[in-house]
Amino acid sequence: MMRKAVAVRREEIVLAALEQIRARGIAGVRAADVARSLDVSTALIFYHFGTLETLVIEAFRQAAEKELAKLNDELARGGPADTRLRAVLTLYGPSTQDGWQLWIEAGAAAMRDAALRAVLQRLDLRWRDAVVALIAEGVGAGVFRCPDPHGAAWRLTALLDGLAVQVVARRGTVTADDCARWVEQAMAYELGC
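Here the structure is a predicted model, which means the values were calculated and not measured.

**A short note on the overall build of the chain**
- A count of helices and strands for the chain gives nine helices and zero strands.
- Seen in sequence order, the chain has helices and strands lined up from the N terminus as α-α-α-α-α-α-α-α-α.
- Once the C-alpha set of the chain is aligned to its principal axes, its extents read approximately 65 × 35 × 30 Å.
- In the chain, buried positions account for 41% of the 193 residues.
- Residue pairs in contact within the chain that sit at least 24 positions apart in sequence constitute 65% of those at least 6 positions apart.
- For the chain, the exposed surface amounts to about 10,200 Å²; the carbon and sulfur share of it is 57%.
- Side chains of the chain give 24 positive and 24 negative charges; the mean places of these two sets differ by 4 Å.

In structure tokens form, the structure reads like this:
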């Protein structure tokens, strides 16, 4: 039997770990379950990642990086700041439960895991920095009236963070239409648009 390339095997392990996280939550993930899903030994999981915590962090990082690639694509589109901001807030928001399920899981686990917390904060700040930059761009272009782009960005994304918990963890309490309407109201208040 031919051995798989290291990069291929690592990617398979990460994808299997993500499936386990989605099914069991971070606290319920076991290296043995990841290995079993791939029909490999548990030793192979530890060979490639050293610890289960390292694997979980890498799985979350890769999933978050895929979401951030969508952010980068949206930012590269160009166009008016208000249109781009709405598109970015839609991407950030709970439109995809799968992505938010991972963020919520990681947020809960990060309270007890400093390494995961550092990764989570770094990736989260990339979203918030993009929102700050779009608001500042809109202020500069006269599209928004906002004395504090940084604070407005944090308040808007914090609203979406809370709505995401409602949409994902408490299904049925908040609809996508509710989210869209409340974000528009918050933008009008924060940005005068």
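**Focus: the packing of aromatic side chains**
- Considering all chains together, one arrives at three aromatic pairs under this definition.
- Their ring planes at 80 degrees and their centres at 5.8 Å tell us that Tyr-92 and Trp-100 sit as a pair that is edge-to-face.
- Exposure remark for Tyr-92: the relative accessible area of 5% places this residue in the buried category.
- You can call Trp-100 buried: its relative accessible area is 10%.
- Seen in terms of ring centroids, Tyr-92 and Trp-127 are 5.5 Å apart; in terms of plane orientation they differ by 75 degrees. Their pairing is edge-to-face.

**Brief notes about helix H1 (residues 6–24)**
- Compared with the 27 Å implied by 1.5 Å per residue over 19 residues, the 26 Å span of H1 between its first and last C-alpha is a close match.
- Among all positions of H1, only Arg-9, Ile-13, Val-14, Ala-16, Ala-17, Leu-18, Gln-20 and Ile-21 are buried.
- Directly beyond the C-terminal end of H1, a positive phi value near 80 degrees is found at Gly-25.

**Details of the pattern of salt bridges**
- Summed over the entire model, instances satisfying the criterion amount to 16 salt bridges.
- Put simply, Arg-86 and Asp-82 hold a salt bridge, and the shortest N to O gap is 3.7 Å. Here Arg-86 and its partner Asp-82 are both found in helix H5 (residues 81–92), four residues apart, which amounts to about one turn of the helix.
- On the basis of relative accessibility, which here comes to 28%, the residue Arg-86 falls in the partly exposed class.

So, how was this worked out
Residues numbered from 1 in each chain as written. Predicted model: local features only at pLDDT ≥ 70, side-chain atom pairs only at ≥ 80, totals over all residues. Heavy atoms only, no water. Helix = DSSP H or I, 4+ residues; strand = E, 2+ residues; numbered from the N terminus. Buried < 20%, exposed > 50% of the residue type's maximum accessible area, 1.4 Å probe, protein only. Contact = heavy atoms within 4.5 Å. Areas by Shrake-Rupley, 256 points an atom, 1.4 Å probe, with all protein chains shown as cover. Lys, Arg positive; Asp, Glu negative; His and termini not counted. Charge placed at Lys NZ, Arg CZ, Asp CG, Glu CD. Phe/Tyr/Trp six-rings, centres within 6.5 Å; stacked < 30°, edge-to-face > 60°. Expected span 1.5 Å × (residues − 1). Salt bridge = Lys/Arg side-chain N within 4 Å of Asp/Glu carboxyl O.

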